[in-house]
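Topology and contacts: notes
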Number of protein chains: 2
Amino acid sequence: MLTIHHPPVNEGTSRIPLRDKRCDPGEGRFTPELVEALRRELDERWSAAADRTEQMAGHALLAPGKMLRPVLLLTSAEATGADSAPLLPAALAVEYLHVATLVHDDIIDDDELRRGRPTVHARYGTPNALVTGDYLILTMVTALSECPASPAAVLEAARVLAGAGADVCRGQVRESAMAGDPTRPVADYLEMAALKTGALFRGACRAGAILAGASPEHTDAVTRYAEHLGLGFQIYDDLLPYLGEHTGKPATSDVANLRPTHPVLVGYDRADSTGKARFTEALSGTLPAPEAHRLMRELLETTGALELSRSRATEEITAARDSLAGLPGTEAVERMRTIADLSVDRSR
Amino acid sequence: MLTIHHPPVNEGTSRIPLRDKRCDPGEGRFTPELVEALRRELDERWSAAADRTEQMAGHALLAPGKMLRPVLLLTSAEATGADSAPLLPAALAVEYLHVATLVHDDIIDDDELRRGRPTVHARYGTPNALVTGDYLILTMVTALSECPASPAAVLEAARVLAGAGADVCRGQVRESAMAGDPTRPVADYLEMAALKTGALFRGACRAGAILAGASPEHTDAVTRYAEHLGLGFQIYDDLLPYLGEHTGKPATSDVANLRPTHPVLVGYDRADSTGKARFTEALSGTLPAPEAHRLMRELLETTGALELSRSRATEEITAARDSLAGLPGTEAVERMRTIADLSVDRSR
């Protein structure tokens, strides 16, 4: 179905410095060979499109992403002691699913730039972008079925990744139901983030172990790693707008979208009644976004919420690191620990 | 993941006369027990939603559709000599995929009613509807993986259905690229319709045969049936706005959406230069929809296009019927032939 293109034509493009809306850790610094291999494979499969649908999918896929989820799939397989090379199609499959969610997110948020290029809907229109996202989800299944593992393992990996994708959907629906409400318990946030962000990390790591034929214990170890990583990653992502780091995403985006992020809920919980009223105002959508952002930043600083959220992110990362103890693929385990560390220190 | 609900609560609803945007043949008249069993299964799985995402998916799934595609999957399995009962989850899977495309189509067309109820985006908003469609596509994989067939067969069925879904996407992209252009060769239309409409019929029939463990010859026979049925079905669908039949879809919808349907392309091809100019005008979007529709109807009558398209649809249905010769499940073959007949005579 996909046209194989021989010389990778836009190797240059894939080295453009990232100005990402989402801030994934690193730029392939921790696993440069793996990221390069994944990008080369995407180039070969997608840079010569057979039709407009493939062309639009390629536009989304060939943006210089950091391939975090496919790297997690491959590295998890290695951590359980297996060779990851045969799992390349499965690694691409998880990227297809991830990029599908980005294409659809960009429609919902009406964002015009992603990874330094026009989003699919900005370039090809909303109807085409909607269809491109669907096409990418379906292509996940096709790519998985190319894996040379046993049909039972591939089917189980497909079930795990489809379940992860469904959980991402549930998380998105919950997130939008929480919009504008700083009174929600932090527990609601943790459930939402585990679905919206954690599920795909979890699915990638678990699918890698399953396809590698890992034992249930080893599969559970990489699963726990992914769950902690997902939460630490998302909480740190919530902090970025208030840390003055360059993330590619406008610092005002979270308040503009009325998101009760982790520090917001933690800060609201600690504020007195006057403070609570100001949190509610900052998240009400009635102030201009820059002003709401400045107010929120001040509230998060005075309540100590930034430090509390940062501690929680760090705890999750420590738990992620610890989950991998005893896995046989020591080199891969080291890389997974580096990925975890970089998730809460993206300026490095 | 899905909550099983014991007594089917909205059996009554499923008997409401259909006012469908898409006009599928029959209302379960040809296979009432099968349709009833499918609706009961959907009710059991979806009428008690565990969360808002399932609730929205259930809203789309429990509308009283005619279950044409799941019926084709089950009946194809029977036509090759197998028992279809174990394939119920796969039949639901193909309905999930179909309904996902409807939910997303309704966003694109901004249609507010489908199968007599508010569309998902009209009721829950566009962001939620977008996510609901994604969720349904992913749930297709989960449902398929419940099938008690061999993992290799289930994986192959998943590959076939995902490929069919990807072809539907390609067809939609092609259709939107053709909008407003009556000068396209009929061959472009035939390719587009084979993707947009035929692919899912083909995927359903083929998946049914594969899961039934049918021989390659029998699998190919139901595949050819589905290809001809898909084309006959779509061409007849194109005729409905000009035949004065009640389809649930406004008669002006095709001209309003500037669609160069089968009769339009056939008529344009046969028209003289004055006629061609009028076809172009009717499909330009410059006239009010009712006036454009009247003009198009007149042009299709005077060029003989309606009769030509009807003949072509009938030929496809005959070819669909003939494709099934020699299959062992004679009763199922008879039902599949009845489905084909009803596809070009929906008033019966």
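Residues numbered from 1 in each chain as written. Chains lettered and ligands numbered in written order. Predicted model: local features only at pLDDT ≥ 70, side-chain atom pairs only at ≥ 80, totals over all residues. Heavy atoms only, no water.

Keep this limit in mind: UniProt positions are given in the numbering used here, feature names are shortened, and annotations may be inferred rather than shown by experiment.
Chain A is annotated in an unreviewed UniProt entry as Geranylgeranyl diphosphate synthase, type I from Saccharopolyspora flava. Under the heading Cofactor (unreviewed entry), UniProt records this for chain A: "Mg(2+)". As its UniProt record puts it under Sequence similarities (unreviewed entry), chain A is described as follows: "Belongs to the FPP/GGPP synthase family."

Some remarks on helix α9 (residues 216–239) of chain B
The condition that has to hold: Note on conventions: DSSP H or I runs of at least 4 residues are helices, E runs of at least 2 residues are strands, and numbering of each starts at the N terminus. Each helix should span, by expectation, one fewer than its residue count multiplied by 1.5 Å. Only protein chains enter the area calculation, which uses a 1.4 Å probe; residues under 20% of their type maximum are buried, those over 50% are exposed, and those in between are partly exposed.
Its 24 residues place the ends of α9 of chain B 35 Å apart at the C-alpha level, agreeing with the 34 Å of an ideal helix rising 1.5 Å per residue. Extensive coverage of α9 of chain B is indicated by the burial of 17 of its 24 residues.

Quick word on the relation of the copies chain A and chain B
What counts is decided by this rule: Residues reaching a pLDDT of at least 70 in both copies supply the C-alpha atoms on which the copies are superposed by least squares. The contact rule is simple, with two residues in contact once any of their heavy atoms fall within 4.5 Å.
Of the two same-sequence chains, chain A is brought onto chain B (RMSD 0.0 Å, axial shift 0.0 Å) by a rotation of 180 degrees. The relationship between the two copies is best expressed as a two-fold rotation axis. When the interface residues of chain A are mapped onto chain B, 100% of them again lie at the interface, so the same face is used by both copies.

Examining helix α15 (residues 330–343) of chain A
Residues and elements named next belong to chain A. Here α15 is 14 residues long and its end C-alpha atoms lie 20 Å apart, about the 20 Å a rise of 1.5 Å per residue gives. Those residues of α15 lying buried are Ala-332, Val-333, Arg-335, Met-336, Arg-337, Ile-339, Ala-340, Leu-342 and Ser-343. Buried residues belonging to α15 abut α1 (32–46), α3 (68–79), α9 (216–239) and α14 (305–323).

Examining unusual backbone geometry
All names here are of chain B. A positive phi angle, near 50 degrees, is found at Asp-110, a position not held by glycine. Of note, Asp-110 is situated in the loop between α4 (88–109) and β1 (113–114). Phi is positive for Leu-258, which is not a glycine, with a value near 55 degrees. On the basis of relative accessible area, Leu-258 is assigned to the partly exposed category, the value being 23%.

So, the environment of Ala-226 of chain B
With respect to the helices, strands and loops of the structure, Ala-226 of chain B is situated in helix α9. Ignoring any residue separated from it by four or fewer positions in sequence, one finds Ala-226 of chain B in contact with Phe-201, Arg-202 and Cys-205 of chain B.

Points about the interface of chain A and chain B
Basically, it comes down to this: As used here, buried area is the combined drop in accessible area, with a 1.4 Å probe, of two parts when they are placed together. The salt bridge criterion pairs a side-chain nitrogen of Lys or Arg with a carboxyl oxygen of Asp or Glu, the two atoms within 4 Å. Here a polar contact is taken to be a pair of N or O atoms separated by no more than 3.5 Å, where protein atoms must pair a possible hydrogen donor with a possible acceptor and residues adjacent in sequence count only if both atoms sit in side chains. Ten residue types, Ala, Val, Leu, Ile, Met, Phe, Trp, Tyr, Cys and Pro, are classed as nonpolar, four, Asp, Glu, Lys and Arg, as charged, and the remainder, Gly among them, as polar.
The interface of chain A with chain B comprises 36 residues on the first partner and 36 residues on the second. Carbon and sulfur atoms make up 75% of the area that chain A and chain B hide from each other, which totals about 3400 Å². Remark: the boundary between chain A and chain B carries 4 salt bridges. Across the salt bridge formed by Arg-170 of chain A and Asp-51 of chain B, the nearest N and O atoms sit 2.6 Å from each other. There are 8 residue pairs in polar contact (both at pLDDT 80 or more) connecting chain A and chain B. Of all the elements, helix α7 (residues 151–178) of chain A adds the most residues to the side of chain A that touches chain B, at 14 residues. In terms of residue class, the side of chain A that touches chain B is built from 22 nonpolar, 8 polar and 6 charged.

Thoughts on the side chain of Lys-196 of chain A
Here Lys-196 of chain A is to be found in helix α8 (residues 186–211). With sequence-adjacent residues up to four places away left out, Lys-196 of chain A is seen in contact with Asp-167, Val-168, Gly-171, Gln-172, Glu-175 and Gln-234 of chain A.

Brief notes about the environment of Glu-227 of chain A
Residue and element names in this part refer to chain A. Within the secondary structure, Glu-227 sits in helix α9. Judged by relative accessible area, which is 35%, Glu-227 ranks as partly exposed. It is 7.0 Å that separates the C-alpha atoms of Glu-227 and Ala-194, two residues lying 33 residues apart in sequence. A distance of 2.5 Å separates a polar atom in the side chain of Glu-227 from a polar atom in the side chain of Arg-202.

Here we look at the pattern of salt bridges
A complete count under the given rule lists 48 salt bridges over all chains for this structure. Arg-115 of chain B is paired through a salt bridge with Glu-95 of chain B; the nearest N and O atoms lie 3.7 Å apart. Note that Arg-115 of chain B is positioned in the loop between β1 and β2 (117–118) and Glu-95 of chain B in helix α4, a separation of 20 residues in sequence. This pair shows no difference in class: Arg-115 of chain B is buried, exactly as Glu-95 of chain B is. Residues Arg-310 of chain B and Glu-307 of chain B are paired through a salt bridge, measuring 3.8 Å at the closest nitrogen-oxygen approach. Pair noted here: Arg-310 of chain B and Glu-307 of chain B are both in helix α14 (residues 305–323), with a separation of 3 residues, about one helical turn. Residues participating in the shared-partner salt-bridge network are Asp-109, Glu-175, Lys-196, Asp-254 and Arg-259 of chain A.

Section: the side chain of Asn-128 of chain B
Looking at the secondary structure, you find Asn-128 of chain B in helix α6 (residues 126–144). At 3.2 Å, the side chain of Asn-128 of chain B and the backbone oxygen of Tyr-124 of chain B are in polar contact. Excluding anything up to four places from it in sequence, Asn-128 of chain B contacts Val-173 and Ser-176 of chain A together with Arg-52 and Met-56 of chain B.

Considering the packing of aromatic side chains
Where we set the bar: Working definition: rings of Phe, Tyr and Trp (its six-membered ring) pair if their centres are within 6.5 Å, and the pair is stacked with planes under 30 degrees apart, edge-to-face with planes over 60 apart, and tilted otherwise.
Under the definition given, this model contains 8 aromatic pairs over all chains. Here Trp-46 of chain A and Tyr-135 of chain A contribute two aromatic rings whose centre-to-centre distance is 6.3 Å and whose plane-to-plane angle is 90 degrees, an arrangement assigned as edge-to-face. Of this pair, Trp-46 of chain A sits in helix α1 while Tyr-135 of chain A is found in helix α6 (residues 126–144), placing the two residues 89 residues apart along the sequence. The class of Trp-46 of chain A is buried, set by a relative accessible area of 2%. With a relative accessible area of 0%, Tyr-135 of chain A lands in the buried category. Geometrically, the ring pair formed by Phe-201 of chain B and Phe-233 of chain B is edge-to-face, given 5.2 Å between the ring centres and 70 degrees between the ring planes.

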